[in-house]
Amino acid sequence: MSNFSETQPAPNLTPTSEPACMNTTTRILTVDDSPSMRALLNHALTTQGFDVAQAEDGLAALDWLALNEVDVVITDINMPRLDGFGLIERLREGSRHRDRPILVLTTESSEEKKARARAAGATGWIVKPFDPAKLVAAVRRIAH
Amino acid sequence: MNADEIQAIFFAECEESLAAAEQGLAACKAGTHDHDTINAVFRGVHSIKGGAGAFGYIALQGFTHTFETLLSDVRDGTVAITDGLIDLMLGALDTLSDHVAAARGLGETPDDGALQAELTAAMAANAGVAPMPAPAPVVTAAVAPAFDDDDGEPLSDFDFSAMLDDIAGALDAAGADSTSGDAPVDAAWAVKVRPHAGAMRNGSEPLLMLREILDLGGQCVDCDVSQIPSLDTIDPGTGYLGWTFALPSGVAQAAVTDIFDFVGDGCSLVFGDATPMPPVRPQATSIKAASPPATPLATLPSSAAVAGAEPPIAPVPAPTSGVATPPAPPAMGQSIRIELGKLDKLIDAVGELVIAQAMMAQRLAGDGLAVTEELTMLEGLTRDIQESAMAIRAQPIGSVFSRVPRILRELTSSTGKHVRLEVSGESTELDKTVIERLGEPLTHLIRNAVDHGIEPAEARLAAGKSPEGTLTLSAEHRSGRILIRIGDDGKGIDRDRVLAKAVEKGLVAPDAQLSREEIDQLIFAPGFSTAQTITNVSGRGVGMDVVRQNVKDLGGRITIESEPGKGTTFTLTLPLTLAISDGMVVNVGDQTLVVPLANVVESLRPEPGEVKGLGANRAMINVRGRFIPVLPLHIAVGAAGAVEAAEHGVLIVVETEGAGRAALLVDAICDQRQVVIKSLDTHYRSVEGVAGATILGDGRVALIVDVDGLVAHSLADIGLSEAA
């Protein structure tokens, strides 16, 4: 029983100007209860050569992470069952994901929201609706 | 996946979000005001807003923003939940639904100015009585209908004029530098960076940020190693190193502060060559009382020490995070989305598989290999595959039921009647095609119930009823079919008036003796309308016959139970699927027919004399004390060479909706099997008494009997020929 789909990089990979993190494909797990938002993230990331998996909420993400390796997690905040902050908290509890780069999707860029995301353990954030170029830049900024 | 496909996903999601929000608000209306309920509504609206922004539906985004802001206040408890507020939100949901339709190109963009003002007023009006100490920001945020915080460009974070000052200041510094000759020729300004422990928390990697400065064209001119302590006192988590970068004049200071946006005060930045490197912040002393969030860097004067010399590492996570609602509703379960076309292809293939399996069984039987283990296995597997494939297409009927509250709201406002809705069996599943085509007849029946069934409040009170009418909507599985009931507790069908009207319209003879059921059925006659004045609710009497036709097209039946003064209930009996059903294969003379198993009650072989003639053309049989009319099927279908004496054939007792039980006389029962229904309408034309056709194992085509139609028709024919 799994509710995520793995998407292989699109065959027509556009060459990136940044070879640093492209030696091995960066794997990203996107967590959002909105299928269209997942599709948008998936589209924006796979066309840039990232390897993208999807989960529809925090619990599904935990299930997936239990069996898979990932380089970056991008998560929505307000989701059913387990929300984004709850997911980050659970990931940071253990040693395996303590230093995992995690971006949260937020609709606001106020200092208050940023401080809250930071306090929750997020590495960074992406403001929705996102510009694909900024999304990719944010991922590259934190991808180890 | 292209943009159109993602957009299609978005619209499908909008429908789900709207349904979820509708459900949440209905629960609110019923008195459930807990956080999870409100949050479900919020999440629905929020999700639509997110997609609307991404796809550039400005009007939709603007409206969802206002609505979401109010919902956010409601969720946070700054706005109290009142009946008026819930009604306002329900109205907003209707408008939102119109906005979504407009975005899809299915209607005009609604004029939401007044409603937006009302929503905004709801926030402002309630903010005054709110228990929160500082409601003011909420109000100001709400009053602005714009959504500048969402456009992806956090303008508010950057003070543009201050930024220009910075650049000017940096240029001055560059002038000083160029005379010293130490810095590269195009170095216009300098930045000093000292990451603290915070820059390494939460998976941040300062090295990546330093690399980004290099990517901007910066050059590392100095690394401060003076603060590294002796090895025995070193704390690996503390940032002992500081770097000085020289950046070209073309690079804005904001581009550098942007790089360090994620780490906030976890990294100290100072601009200008003359400013000293920020001091090391030992981890131990950095854990202090919480202080206000970091000041935006760029708003500070140029060439001065800025940002985060003091504030501590991020405070301990507040109880904002956490596990949300543990019991996930089934709709939220794990799922994937499949294009319907692919699914239909699968169902088609399964249908062919069922036929192929039957053909093979027949061939093997011909070779004397009827009962082989492999064949039995194949049969079982075929059935499993078929059931699974059907289950994929099945959807809960709740998606249709969830539209009803809105219909009712519109009806109550246009008729002035008060109606309460009771729904049960929303999770009953049936085929998606059936669900999609159910909306129209259901809507009409509901309108009919409110318009004609439920009385105005005064009339109800006079009749000793509660002034508020009740509409019940239910769905349930019953022996391979779905029963959907739409009931009201209104005045019931006025049979005298219906009959009078029918006579007046020339639909029945003035002296016709009709049973109660027959009179009820008259309301389905084309052009029939009993309303004294035509209302704009139920239309002009073109509805009920269309309803019956719609239901018939779905392979279903519609029946009425009505009691004067107590109310009326319409029952729709629908097949689970339109593609495959269980049937009894029978021989009648030179024809092979299929009787749907859903109609079959039992079959029996009568003894001579058990079937008793009644008049010239009628015959009855007593089945355990109950007299049932016997219908020779060969007469109805015109088959030649059939068994004429009942004792030489087989009687199949069937249950019909309109005409009760009847016994069909056939020659023999050949088989009981699944049949893949092929529509006769699309390949030939609609034929009375025939529900469709199917392909048998030997490749021949057999007609599927429409038992209801056939029995009703045959009994009427007999009645006529007797009268003649």
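About the thresholds
Per chain, residue numbering runs from 1 following the sequence as it is written. Here chains are named by letter from A upward and ligands by number from 1 upward, in the order in which they appear as written. Two thresholds apply to this predicted model, a pLDDT of at least 70 for residue-level local features and 80 or more for giving and counting side-chain atom pairs, whereas whole-chain, interface and lining totals are computed over all residues. For the purposes of this entry, the term helix denotes a DSSP run of H or I that reaches at least four residues, the term strand denotes a run of E that reaches at least two, and both are numbered from the N terminus. Using C-beta atoms placed from the backbone, we call a residue buried if 20 or more other C-beta atoms fall within 10 Å of its own, exposed if 12 or fewer do, and partly exposed for counts in between. Note on contacts: each residue gets a C-beta atom placed from the backbone, and two residues are in contact if those atoms are within 7 Å. DSSP bridges decide pairing: two strands pair if at least two such bridges lie between them. Where helices are involved, their axes are fitted lines through C-alpha atoms of the stretch in contact, as for all axes, and angles between N-to-C directions lie from 0 to 180°. To count as a nonpolar core, a set of buried Ala, Val, Leu, Ile, Met, Phe, Trp, Tyr and Cys residues must be joined through C-beta atoms within 7 Å. Domain delimitation in this document rests on an assignment produced automatically or drawn from a domain database. The cut-offs work like this: below 35 degrees is roughly parallel, past 145 is roughly antiparallel, 65 to 115 is roughly perpendicular, and the gaps in between are oblique. Rotating anticlockwise by less than a right angle from the far helix to the near helix defines a left-handed crossing, while the corresponding clockwise rotation defines a right-handed one. Residue type decides the class: Asp, Glu, Lys and Arg count as charged, Ala, Val, Leu, Ile, Met, Phe, Trp, Tyr, Cys and Pro as nonpolar, and the leftover types, Gly among them, as polar. Helices are assigned an expected span. That span is 1.5 Å times one less than the residue count. Scored from 0 to 100, pLDDT records how confident the predictor is in each individual residue.

### Section: the overall build of chain B
A count of helical and extended segments in chain B gives 22 helices and 22 strands. Relative to its 724 residues, chain B shows a buried fraction of 36%. The contacts of chain B with a sequence gap of at least 6 include a subset with a gap of at least 24, amounting to 70%.

### Looking at the overall build of chain A
Helix and strand counts for chain A stand at five helices and six strands. The order of α-helices and β-strands along chain A, N terminus first, is β-β-α-β-α-β-α-β-α-β-α. Counting every position in chain A, which comprises 144 residues, the buried fraction comes to 58%. For chain A, contacts bridging at least 24 residues in sequence account for 63% of all contacts bridging at least 6.

### Looking at the sheet that holds strand β18 (residues 650-655) of chain B
Residue and element names in this part refer to chain B. With mixed pairing, six strands are arranged side by side in an open sheet as β14-β18-β19-β17-β16-β15. Strand pairing shows two members of the sheet lacking a second neighbour, β14 (600-604) and β15 (611-614), which therefore form its edges. In this sheet, adjacent strand axes meet at a mean angle of 35° when their direction is disregarded. Here β14 runs beside β18; their pairing, made up of four bridges, is antiparallel.

### Re the sheet that holds strand β13 (residues 591-596) of chain B
Hydrogen bonds along the backbone pair up the strands of a sheet, which may run parallel or antiparallel. Residues and elements named next belong to chain B. Taking strand neighbours across the sheet as the criterion, the five strands line up as β20-β12-β13-β22-β21 in an open arrangement whose pairing is mixed. Each edge of the open sheet carries a strand with a single partner, namely β20 (668-676) and β21 (690-695). Strand-to-strand twist across the sheet, computed as the mean angle between neighbouring axes with direction ignored, equals 35°. Note that strand β12 (residues 580-588) and β20 share eight bridges and pair antiparallel. By the bridge assignment, I580 is partnered in β20 with V676.

### Notes on the environment of V251(B)
All names here are of chain B. Residue placement: V251 occurs in the loop between β3 (242-248) and α9 (253-259). With 18 C-beta atoms counted inside 10 Å, the residue V251 sits in the partly exposed group. Counting along the chain gives 35 residues from V251 to L216, while the straight-line C-alpha distance between them is 7.2 Å. Contact partners of V251, with chain neighbours within four places excluded, come to L216 and G217.

### Quick notes on the environment of R478(B)
Secondary-structure assignment places R478(B) in strand β8 (residues 469-478). When the C-alpha positions of R478(B) and L574(B) are compared, they lie 9.9 Å apart, and in sequence the two are 96 residues distant.

### Thoughts on the nonpolar core
With 100 residues, the main nonpolar core has I74(A), L103(A) and I126(A) as its most contacted residues. There are two domains that each give this core at least three residues, and those are domain 1 (3-152) and domain 2 (157-286 + 293-299) of chain B. Among the nonpolar cores identified, the runner-up in size contains 40 residues, and L633(B), A636(B), L665(B) and I677(B) belong to it.

### What about the packing of helix α11 (residues 340-366) of chain B against helix α12 (residues 373-393) of chain B?
When two helices pack together, their arrangement is given by the angle between their axes and by how far apart the axes lie. Residue and element names in this part refer to chain B. Direction vectors running N to C along α11 and α12 enclose 160°, while the axes themselves pass 10 Å from each other. By the angle class used here, α11 and α12 are roughly antiparallel. The handedness of the crossing between α11 and α12 comes out as left-handed. Note on element contacts: α12 touches α11 through L375, L378, E379, T382, I385, Q386, A389, I392 and R393, opposite L343, L346, I347, V350, L353, V354, Q357, A361 and L364. Looking at side-chain class alone, the contact of α11 with α12 contains 13 nonpolar, three polar and two charged residues.

### A few points about the packing of helix α1 (residues 3-29) of chain B against helix α4 (residues 83-103) of chain B
All names here are of chain B. Two elements in contact, α1 and α4, have axes whose closest approach is 10 Å; the angle formed by their N-to-C orientations is 170°. One element, α1, and the other, α4, form an angle in the roughly antiparallel class. Where α1 approaches α4, its residues C14, L18, A21, E22, L25, C28 and K29 are matched on the opposing element by I86, M89, L90, L93, L96, S97 and V100. Class assignment of the residues belonging to the contact of α1 with α4 gives a composition of 11 nonpolar, one polar and two charged.

### Details of helix α1 (residues 35-46) of chain A
Residue and element names in this part refer to chain A. Taking 1.5 Å as the rise per residue, α1 with 12 residues should run 16 Å; its terminal C-alpha atoms sit 16 Å apart, in good agreement. Most of α1 sits out of view: 10 of its 12 residues are buried. Within the sequence span of α1, burial applies to P35, S36, M37, R38, A39, L40, L41, N42, A44 and L45.

### Quick look at the confidence of the model for chain A
Residue and element names in this part refer to chain A. Per-chain confidence: chain A averages 80 in pLDDT, with 83% of residues scoring 70 or above. Looking over chain A, one finds the lowest element-wise mean pLDDT in strand β1 (residues 6-7), namely 46, and the highest in strand β2 (residues 27-31), namely 93. Segment residues 1-23: pLDDT under 50, and 35 contacts once partners within four positions in sequence are set aside and those in other chains are kept.

### Notes on helix α4 (residues 111-120) of chain A
Residues and elements named next belong to chain A. Among all positions in α4, only K114, R116, A117, R118, A119 and A120 are buried. Structurally, α4 contributes buried residues whose contacts are with α3 (84-93), β5 (102-106) and β6 (124-127). Positive backbone phi, approximately 105°, marks G121, located one or two places after α4.

### Some thoughts on the confidence of the model for chain B
All names here are of chain B. Overall, the prediction assigns chain B a mean pLDDT of 76, with 79% of residues at 70 or greater. The low-confidence segment residues 284-332, where pLDDT is below 50, has 101 contacts with residues more than four positions distant or belonging to other chains. Below pLDDT 50 for its whole length, residues 532-542 participates in 17 contacts with residues either more than four positions away or in separate chains. Across the interface, the model reports ipTM at 0.75; the global pTM reads 0.48.

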